[in-house]
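Descriptive analysis of the structure
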Amino acid sequence: MTSSFVPPAPSGTTAFPTLRTPSGELPADAPGWNPQRPGSMPHHRYRPAHDRVALPLADRTWPGRRVERAPLWVPVDLRDGNQALAEPMDTARKRRFFDLLVAMGFKEIEVGYPSASRTDFDFVRHLAESGAVPDDVTISVFTPARTDLIDRTVDSVEGLPRTLIHLYTATAPVWRDVVLGRSRAEVHTLIREAATHLMRRAGERPGADIRFEFSPEVFNLTEPDFVLEICDGLTELWEASPDRPVIHNLPATVEIATPDVYADQIEYMHRHLARRDSVILSVHPHNDRGTGVACAELAVLAGAQRVEGCLFGNGERTGNVDLVTLALNLYAQGVDPMIDFSDIDAVRDVVEHCNRLPVHPRHPYGGDLVHTAFSGTHQDAIAKGMALHTERAAASGVSPGDAPWEVPYLPIDPGDIGRTYEEVIRINSQSGKGGIAHLLRTHHGLDLPRAMRPDFSRTVQQVTDGTGRELSHKELWELFRTTYLTPAHDGTLTLDSWTASETGPGEHEFVCELRTGGRVRTCRGTGNSPQAALADALRSAGVPIDVLGHAEHSTATGPGSPAVAYAECRVDGVTRWGAGRDTSVLTASVQAVMAAVNRTGAQTR
């Protein structure tokens, strides 16, 4: 039994497509707390991975391991990533991307598919002829297992100092049957003949440093014994040795299972590959299930030594595994990724320019908003954490940039990847008093008393609710200024002149010319502080004021730096905060009291 539910369309828009709300009978074993019902989508059409490929590993050991060093990272942006672009990169964009990868510290870079297009062939030749390749960087090129395409690929790398030729063929049953139309034995013969031809062509270039890589495409859906048979044969054919190892790259070309299944497959290969010390075990996860990063991380635990992927995860369908996330995940665990991400925005700018694709603002580490908190509770925790971090660093005698990092909600210090703290806390209608106070302190030197923060927070929320947008720290300061500082000078009660003096120990006198409306009157008051004496003077003019709280601080170090004072005052049962700012602490305190009084709407009697 099914029902149809059509959500109401927003005004001025087209209607949503008809949705079939799940309405089948509740499963007999469903717990009472779960009212979800079976739906009508044909899920029976799909088979789980365990029914599609043999998974022989039962005694896995990878869950108990830790990653303590970075694998060899191999960016494939210029080949696999480029194939996924609506507008493939030209030579200029490829060169800019290549230079970025070199600058970041990548030592093996897959630069193209030379037999696929003139552009890719020309770019490999450009690298060979321009001297753009550093001595310690290996250039990788990609080719199918076809002799004519292998020939063109070998021609493209002429003159390059170190090259890796990456041979691939699909090996999974569905691909053998549907794409290649060949049996398992025929596919094996095709691969071995292509690998033999590649070795022969490389041998025609004595002195050239050419190594080999093989990828059984769709490894994760291929019979494990077949992959071992192919890879072990190539290890022997290509005369692999510990000082010239062969690379066997095992792609999750299309994700089909949870990441633990891929890890099991990798550990099985890690244990059973022949001449293991002569093999670099590599992985190339895609992201069809959205778990490419997890697959790569678990694969490294399972024995993988090398990871192919793209910066920010560009690639066919949902993309290749994201090297930025993988590397910085290691960094967040205290492991050197051995790649430089100290200016993540510069990296992103180049990638966006070359790919002509935006990086999502919530993309891990590199997105515009990933270190940003709008929520009040998050902001408060971050502000407290940052303050404590600074205090601990000072107590340890190290700079905050060298101190151990433990700040709520921020897995790494944004400053380590070139982000400014201005981006960490941003103010909108969800923001809280802690975040607002943090921005005022960080950018404008204001240390709002805790009791004052809720008051200003309400003011900020009125503005953000009314406008529906966030406030910059400059707009925040302007709102603070007009709310708490300006009333000292623009209110109904202002001081034309005043003097304050200490008449004895703990005794102060305040004398002022008080203007209200068009009248000016002289007022005098005494008290145990200048603020108390000012309050007494105002009471003598008929203003029933009590100073409930007062705080002051300097906004910077050194003579002549401005001071800020805050005062909480009650007049006729109305309580308000005010603030003052001046190079004189006393003047700032007087302004704070007058601002608070004027904000209550006080009048003389």
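Counting starts from 1 at the beginning of each chain's written sequence and moves along it residue by residue. Restriction of local features to residues with pLDDT of at least 70 applies here, the model being predicted, together with a cutoff of 80 or more for giving and counting side-chain atom pairs; totals for whole chains, interfaces and linings are based on all residues. The basis for every side-chain value is the complete set of heavy atoms in the structure, and neither hydrogens nor water enter the calculation.

1. Brief notes about the overall build of the protein chain
- Helix and strand definitions here come from DSSP, where helices need a minimum of 4 consecutive H or I residues and strands a minimum of 2 consecutive E residues; each element is numbered from the N-terminal end. Within the protein chain one finds 18 helices and 16 strands.
- The principal-axis extent of the C-alpha atoms belonging to the protein chain is close to 105 × 70 × 50 Å.
- Only protein chains enter the accessibility calculation, which uses a 1.4 Å probe; a residue is then buried when its area is under 20% of its type maximum, exposed when over 50%, and partly exposed in between. Every one of the 605 residues in the protein chain was classed for burial, and the buried ones make up 50%.
- Note on contacts: a residue pair qualifies if any of its non-hydrogen atoms lie within 4.5 Å across the two residues. In the protein chain, 65% of the contacts between residues at least 6 apart in sequence involve partners at least 24 apart.
- Note that accessible areas follow from Shrake-Rupley with a 1.4 Å probe, and for residues the cover is restricted to the protein chains shown. When the accessible surface of the protein chain is totalled, it reaches about 28100 Å², and 51% of it is carbon and sulfur.
- In this tally, Asp and Glu contribute negative charge and Lys and Arg positive charge; neither His nor the terminal groups of the chain are included. Every charge is mapped onto a representative atom, which is NZ of Lys, CZ of Arg, CG of Asp or CD of Glu. Positive and negative side-chain charges in the protein chain, numbering 60 and 78 respectively, have mean positions lying 4 Å apart.

2. Quick word on the pairing of strand β12 (residues 507–516)
- Paired strands, as defined in this entry, are two strands with at least two bridges between them according to DSSP. Judged from the ten bridges that link them, strand β11 (residues 493–504) and β12 form a sheet pairing that is antiparallel. Note that in β12 the partner of Glu 502 across the bridge is His 508.
- Bridge count between β12 and strand β13 (residues 519–527): nine bridges; the pairing is antiparallel. In the strand pairing of β13, Leu 514 is matched with Arg 521.
- Linking β12 to β13, which pair antiparallel, is a turn of two residues; within it Gly 517 sits at a positive phi near 65 degrees.

3. Here's the deal with the sheet that holds strand β4 (residues 108–112)
- One open sheet accounts for eight strands, arranged β3-β10-β9-β8-β7-β6-β5-β4; its pairing is parallel. The sheet is open, and its two borders are formed by β3 (72–75) and β4, each paired with just one other strand. The mean angle between the axes of side-by-side strands here comes to 30 degrees, regardless of whether they run parallel or antiparallel.
- With nine bridges connecting them, strand β6 (residues 162–170) and strand β7 (residues 209–217) associate as parallel partners. Looking at β7, one finds that Thr 163 is bridged to Ile 210.
- On top of the sheet, helix α8 (residues 259–272) reaches β8 (246–252) and β9 (279–285); it is set at about 165 degrees to β9, its chief contact. Simply put, an axis is a line fit to the C-alpha atoms, just over the touching stretch for a helix, and the angle between two N-to-C directions goes from 0 to 180 degrees.

4. Digging into the UniProt feature "binding site: Mg(2+)" (unreviewed entry) in the protein chain
- Mapped onto this structure's residue numbering, the UniProt feature "binding site: Mg(2+)" (unreviewed entry) falls at Asp 80, His 284, His 286 and Asn 320. Spatially, the listed residues are clustered: although they cover 241 residues, their C-alpha atoms lie within 10.7 Å of one another.
- Within the fold, Asp 80 resides in helix α1 (residues 77–83).
- On the basis of relative accessible area, Asp 80 is assigned to the buried category, the value being 6%.
- What Asp 80 contacts, discounting residues up to four positions off in sequence, is Glu 110, His 284, His 286 and Asn 320.
- Structurally, His 286 can be placed in the loop between β9 and α9 (292–301).
- Sequence-distant contacts of His 286, that is, excluding residues within four places in its chain, are made with Asp 80, Ala 252, Thr 253, Glu 255, Gly 292, Glu 316, Arg 317, Gly 319, Asn 320 and Val 321. UniProt positions are given in the numbering used here, feature names are shortened, and annotations may be inferred rather than shown by experiment.

5. So, the pattern of salt bridges
- For this analysis, a salt bridge means a side-chain nitrogen from Lys or Arg found within 4 Å of a carboxyl oxygen belonging to Asp or Glu. Tallying each qualifying case throughout the model produces 38 salt bridges.
- A salt bridge links Glu 223 to Arg 176, with the nearest nitrogen and oxygen atoms 2.9 Å apart. With Glu 223 in the loop between β7 and α7 (224–237) and Arg 176 in helix α5 (residues 173–180), this pair connects stretches of sequence that are 47 residues apart.
- Put simply, Asp 345, Arg 348, Glu 352, Asp 368 and Arg 419 are held in one network by salt bridges that share partners.

6. With respect to the nonpolar core
- Among the nonpolar cores identified, the biggest contains 91 residues, and Trp 73, Phe 98, Val 111, Trp 238, Ile 266 and Leu 311 are the most heavily contacted of them.
- With sequence-adjacent residues up to four places away left out, Phe 98 is seen in contact with Leu 78, Ile 109, Val 111, Phe 123, Leu 127, Ala 132, Val 133 and Ile 139. Residues enter a nonpolar core if they are buried and are Ala, Val, Leu, Ile, Met, Phe, Trp, Tyr or Cys, with the set joined through side-chain atoms within 4.5 Å.

7. Some remarks on the sheet that holds β11
- Read from one edge to the other, the open sheet built from three strands follows the order β11-β12-β13, with strand pairing classed as antiparallel. Each end of this open sheet is capped by a strand with a single partner; those strands are β11 and β13. The sheet shows a mean angle of 15 degrees between the axes of neighbouring strands, taken without regard to direction.
- Sheet contacts for helix α17 (residues 530–540): β12 and β13; angle to β13, the most-contacted strand, approximately 135 degrees.

8. A look at unusual backbone geometry
- Located in the positive-phi region is Met 338, a residue other than glycine, with phi close to 65 degrees.
- Following the sequence through the fold, Met 338 ends up in the loop between α10 (323–331) and α11 (344–355).
- In this structure Met 338 comes out as exposed when scored by relative accessible area, which is 55%.
- One non-glycine residue, Asp 572, adopts positive backbone phi at about 50 degrees.

9. So, the packing of aromatic side chains
- In this scheme Phe, Tyr and Trp rings, the latter by its six-membered ring, pair at centre separations within 6.5 Å, and the angle between planes marks the pair as stacked below 30 degrees, edge-to-face above 60, and tilted otherwise. Taken as a whole, this structure holds nine aromatic pairs when the rule is applied.
- On the numbers, 6.4 Å between centres and 65 degrees between planes, the contact of Phe 219 with Tyr 262 is edge-to-face. Taken as a pair, Phe 219 in the loop between β7 and α7 and Tyr 262 in helix α8 lie far apart in primary sequence, 43 residues in all.
- Here Tyr 262 falls in the buried class, since its relative accessible area comes to 4%.
- Ring plane angle 70 degrees and centroid distance 5.7 Å describe the contact between Phe 456 and Tyr 484, whose orientation is recorded as edge-to-face.

10. Some thoughts on the side chain of Thr 325
- If you trace the backbone, Thr 325 turns up in helix α10.
- Among the polar contacts listed, one links the side chain of Thr 325 to the side chain of Asp 322, at a separation of 2.4 Å.
- Not counting residues up to four positions away in its chain, the partners in contact with Thr 325 are Val 293, His 363, Pro 364 and Tyr 365. Pairing of N or O atoms within 3.5 Å defines a polar contact, subject to two protein rules: one partner must be a possible hydrogen donor and the other a possible acceptor, and residues neighboring in sequence count only if both atoms are side-chain atoms.

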